[in-house]
Amino acid sequence: MPGIVGIFSKQDEKKNFNKMIALLKHENWYKIDRYEKENICISRIHLGVFNPQSQPVFNEKNDTILFFDGKIYPSTENDAKYCLALYEKNGIEFVKLLNGTFFIAIYDFKNKKLILANDRYGFFPYYYTLHNGKFMFSPEAKSILQSDITRKINIEALGEYLSFGMFFNDKTIFEGIHLLPPATVLTYDKNTIRLEKYWEFRYQCDYSIPEETHIKKLIETFRTGVNIRLEDKLRYCIGLSGGLDSRCIVGAINKENKGKVSALCFGADPSDEIIIAKRIANKCNIEFVTANISPQSIISNAHKETYLTDGRNNIGMSYVFSIYDKIKNISDVYMSGFALEVLLRGSFSWRLLKGCNSHSQLFDKLFNWARLFNQQEINELLNSDYRNKINEATISSYKKEWEKSYDKDLTNTVDNYFLQTRFAYSSSRLIEISCPSSDNAFVDTALKIPPEIKFYHSLYRKFMKELAPDLTKVAYQKTMIPPYFPTFFWTLGFSYQIGKQKIRDLLYTMSSGKISLPNNHGYIFTSDWIRKDMAFSSFLEKLLLNKEARFNEFFNQKYIENLLYLHKSGEQNNSSKLLYLATIELLLQIFFGEDKELENCVF
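Reading the values: rules and limits
- Residues numbered from 1 in each chain as written.
- Predicted model: local features only at pLDDT ≥ 70, side-chain atom pairs only at ≥ 80, totals over all residues.
- Heavy atoms only, no water.
- Helix = DSSP H or I, 4+ residues; strand = E, 2+ residues; numbered from the N terminus.
- Rg over C-alpha atoms; globule rule 2.2 N^0.38 Å.
- Buried < 20%, exposed > 50% of the residue type's maximum accessible area, 1.4 Å probe, protein only.
- Contact = heavy atoms within 4.5 Å.
- Axes fitted to C-alpha atoms, helices over the stretch in contact; angles between N-to-C directions.
- Parallel < 35°, antiparallel > 145°, perpendicular 65-115°, else oblique.
- Left-handed = near helix turned anticlockwise from the far one by under 90°.
- Polar contact = N/O pair within 3.5 Å; in protein donor to acceptor, adjacent residues only side chain to side chain.
- Pairing = 2+ DSSP bridges.
- Phe/Tyr/Trp six-rings, centres within 6.5 Å; stacked < 30°, edge-to-face > 60°.
- Lys NZ or Arg CZ within 6 Å of the ring centre and 35° of its normal.
- Nonpolar A, V, L, I, M, F, W, Y, C, P; charged D, E, K, R; others polar.
- Disulfide = S-S within 2.5 Å.
- Core = buried A, V, L, I, M, F, W, Y, C linked by side-chain atoms within 4.5 Å.
- Salt bridge = Lys/Arg side-chain N within 4 Å of Asp/Glu carboxyl O.
- pLDDT = per-residue confidence, 0-100.

Q: Can you break down the overall build of the chain residue by residue, with the values?
A: Broken down by element type, the chain carries 22 helices and 17 strands. Taken over the C-alpha trace, the chain has a radius of gyration of 24 Å; the compact-globule value for 603 residues is 25 Å, and the two agree within 12%. With the C-alpha coordinates of the chain rotated into their principal frame, the extents come out at 70 × 60 × 50 Å. Out of the 603 residues belonging to the chain, those deemed buried represent 61%. A sequence separation of at least 24 residues applies to 70% of the contacts in the chain between residues at least 6 apart.

Laid out in structure tokens, this is it:
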């Protein structure tokens, strides 16, 4: 993906540097800025949308350079120059003053010091390593692999991926290559790396403020956050769905900015998502387009998705390539919600806190509830050589995340955990991204709100009624009940949708697959596709049941066969597990094959 790449070494690294750049140029029209002097090599590969001016920028004494990736708000004429001036005035503390999505690389020639800094949420993944006196960083781990690093699987990271469907903190699947955590300043000086956290995604509730005041401040900061991101002359596309996040963004747009915005909804047509999203777009009088998602969308692009995200996304997300061209044709920037429902609805805490009276109870419940594969399944899946190593690594990793999330209030502990582990990184960037719900002032306001008043979408719906009352009259996809309805009806709506799915599954199982009721509730239906679509089922079987599969070193093939059988028979829904396992196999094929030379995957 686009971004800034660099290599610092006492040796001539021009050849490796050129390889690193080549691997990041996924489109022939990507633009390249580069700086090379002695042992310093830094390049910016970019889309020419945000901050199209050439980089780096220099200070007046020409002893400091700065590369900038992303966008800050309110908009400036040149974000790179603006940041350099702030750095000159405030030192590295300047990063606390920035509002937006960004990654910055600064080199101080006088002190021979490199500084890297990202935004509060680490929207753009950036990887780094220090190997044999050589420091490298890049928005894709694969470009770092072009050097003389021995490719070795990080067993602790593999355990996290299998157990929780993600990598915690700074881990990657590649041993020795780290991900820069969110809100972090990295300093590389005299062959030493120092990391400093400047902000935390953490609740600090203020119980002294009335609920009405919280809502008023939320609306004020949210409207500002949305509209300052539309002050330029670029075209914007909102990813509109049947949920609440995207309709809040649409509802917050000022009249003078609506002409800059279009909306796109993707999904398997027909679906509830598309129907609801179209109603919202019509109410707001904005252009609406759809992108159809099919099993072929995943089959055709699974390899690309694994390659592009270095395995961070499972292949079930590879449908994004099917909508990439549509977004590009109607916009310059893709606008989306970021953790809005989590910030305003307490979606995880109210489920987990039932029956929990202590932190020890919550520790165990959260550990089990958040699992992709539970402990027993991990033991059956893994071959004996890796079972103990991965189990120990998984428990150790979870404890570290728990300690970082710990709060004397149980509810805050749950929300801290999910905010810090599930909403930190954007795994791919095919177009410039704007996330108004990540605006500093809005998030700071949301983190002061007591979680108890958010349960059952209570606060969220009050927020919406004040922000965009007309849009609360359109059904919410997860309940098919409009947000202005009382909580009682929402609870019934949730229960009804869950019940419908259980009946579908039961009929499928009891009839041995002969009775299959249509499912239009959602936007992709990988569970149904694995069972009913021959091409998709065959695609997964070739990856998962291949006797020559690379992951057979780690996994019990018979267990995987049974996992697939139980899903196809309708006895279990194992779609997520199967997709993650398929992703691991592709990841091993791409990055740990015999051929160490990676080729660019041009879109």
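Having put the structure on the table, let's press on.
Q: Break down the packing of helix H8 (residues 295–308) against helix H20 (residues 534–544) for me, with residues and values.
A: When two helices pack together, you describe them by how their axes are tilted relative to each other and by the distance separating the axes. With their axes 9 Å apart at the nearest point, H8 and H20 run at an angle of 30 degrees to one another. The pairing of H8 with H20 is recorded here as roughly parallel in orientation. Between H8 and H20 the crossing geometry is left-handed. Contacts between H8 and H20 involve Pro-295, Ile-298, Ile-299 and Ala-302 from the former and Ala-535, Phe-536 and Phe-539 from the latter.

Q: Any chance you could break down the side chain of Lys-577 for me, citing the residues and the numbers?
A: Of note, Lys-577 is situated in helix H22 (residues 575–591). Residue Lys-577 is classed as buried on the basis of its relative accessible area, which comes to 12%. One polar contact links the side chain of Lys-577 to the main-chain carbonyl oxygen of Leu-372, over a distance of 3.4 Å. Once you skip the residues sitting within four places of it in the chain, Lys-577 turns out to touch Leu-372, Phe-373, Glu-377 and Leu-563.

Q: Describe the sheet that holds strand E4 (residues 57–58), listing the residues and the values that go with them.
A: Read from one edge to the other, the open sheet built from 6 strands follows the order E4-E5-E6-E7-E11-E12, with strand pairing classed as antiparallel. In the strand order of this sheet, the two ends are held by E4 and strand E12 (192–197), each with one partner. As paired elements, strand E11 (residues 184–189) and E12 share 6 bridges and run antiparallel to each other. Bridged to Leu-186 within E12 is Leu-195.

Q: Got a sec to walk through the packing of aromatic side chains? Specific residues and values, please.
A: Here the structure, examined in full by the defined rule, presents 44 aromatic pairs. When the ring centre of Phe-109 is taken as origin, the NZ or CZ atom of Lys-37, which lies over that ring, is 5.4 Å away. Note that Arg-371 overlies the ring of Phe-164, its terminal NZ or CZ placed 5.6 Å from the centroid.

Q: Any details on the sheet that holds strand E14 (residues 261–267)? Residues and values, ideally.
A: Here 5 strands make up an open sheet; going across it, the order is E15-E14-E13-E16-E17 and the pairing parallel. One side of each edge strand has no neighbouring strand; the edge strands of this open sheet are strand E15 (287–292) and strand E17 (432–434). The average undirected angle you get between the axes of adjacent strands in this sheet is 30 degrees. Alignment of E14 against E15, held across 6 bridges, turns out to be parallel. By the bridge assignment for E15, Leu-264 is matched with Val-289.

Q: Give me the lowdown on the environment of Phe-494, citing residues and values where you can.
A: Position of Phe-494 among the secondary structure elements: in helix H18 (residues 487–510). Each residue touching Phe-494, except ones within four places of it in the same chain, is listed here: His-457, Tyr-476, Lys-478 and Thr-479.

Q: Before we move on, could you go through the packing of helix H12 (residues 359–369) against helix H14 (residues 384–405) and cite the residues and values that matter?
A: Here H12 crosses H14 at 125 degrees, and the two axes come no closer than 11 Å. Relative to H14, the element H12 is oriented oblique. Note on packing geometry: the crossing formed by H12 with H14 is right-handed. Facing His-359, Leu-362, Phe-363, Leu-366 and Phe-367 of H12, the residues of H14 in contact are Thr-394, Ile-395, Tyr-398, Lys-399 and Trp-402. Taken together, the residues of the contact of H12 with H14 break down into 7 nonpolar, 2 polar and 1 charged.

Q: Residues and numbers for the pairing of strand E7 (residues 113–118), please.
A: When a strand is regular, its side chains alternate between the sheet's two faces. Where burial is concerned, most of E7 is hidden: 5 out of the 6 residues are buried. As paired strands, strand E6 (residues 100–108) and E7 are joined by 6 bridges and run antiparallel to one another. Paired with Ile-106 across the bridge in E7 is Ile-115. Where E6 hands over to E7, the hairpin turn is made up of 4 residues, of which Lys-112 adopts a positive phi near 50 degrees. Inspection of the sheet shows E7 paired to E11 by 5 bridges, in the antiparallel sense. Within E11, the residue paired with Leu-114 across the bridge is Tyr-188.

Q: Account for the state of the cysteines, with residues named and values stated.
A: For the structure on display, the rule yields 0 disulfides. Not part of a disulfide, Cys-284 finds its nearest cysteine sulfur in Cys-248, a span of 11 Å. We classify Cys-284 as buried; its relative accessible area is 7%.

Q: Quick one: what's the story with the nonpolar core, residue by residue and with numbers?
A: Membership of the largest hydrophobic core comes to 190 residues, with the highest contact counts inside it found for Phe-137 and Phe-463. By residue number, the principal contributor to this core is H22, which donates 11 residues.

Q: So, the environment of Pro-483: which residues are in play, and what are the values?
A: Secondary-structure assignment places Pro-483 in the loop between helix H17 (458–467) and H18. The buried category is assigned to Pro-483, whose relative accessible area is 0%. Taking C-alpha positions, Pro-483 is 40 Å from Ile-378, a pair spaced 105 residues apart along the chain.

Q: So what's going on with the pattern of salt bridges? Which residues, and what values?
A: The tally for this structure, following the rule as stated, stands at 21 salt bridges. A salt bridge links Lys-152 to Glu-175, with the nearest nitrogen and oxygen atoms 3.9 Å apart. On the criterion of sequence distance, the pair formed by Lys-152 in the loop between helix H3 (141–144) and helix H4 (155–164) and Glu-175 in the loop between H4 and strand E10 (178–179) is long-range, its members being 23 residues apart. For Lys-152, a relative accessible area of 48% translates into the label partly exposed.

Q: Can you tell me about the confidence of the model for the chain, naming the residues and giving the values?
A: Detailed reading of the predicted coordinates is not advisable wherever pLDDT falls low. Across the chain, the average pLDDT comes to 89, with 95% of residues at 70 or higher. Across the chain, E4 holds the top mean pLDDT of 98, while helix H11 (residues 349–352) sits lowest at 69.

Q: Describe the pairing of strand E3 (residues 40–46), and please don't skip the residues or the numbers.
A: Across the 7 residues that make up E3, a large majority, 7, are buried. Of the two faces of E3, the one lined by Ile-40, Ile-42, Arg-44 and His-46 and the one lined by Cys-41, Ser-43 and Ile-45 are each fully buried. The pairing of strand E1 (residues 3–8) with E3 spans 6 bridges and is antiparallel. What sits directly across from Val-5, in E3, is Ser-43. Sheet topology note: the strand E2 (residues 31–37)/E3 ladder contains 7 bridges and is antiparallel. By the bridge assignment, Lys-31 is partnered in E3 with His-46. If you look at the hairpin formed by E2 and E3, you'll find 2 residues sitting between the two strands, and Glu-38 has a positive phi there, around 55 degrees.

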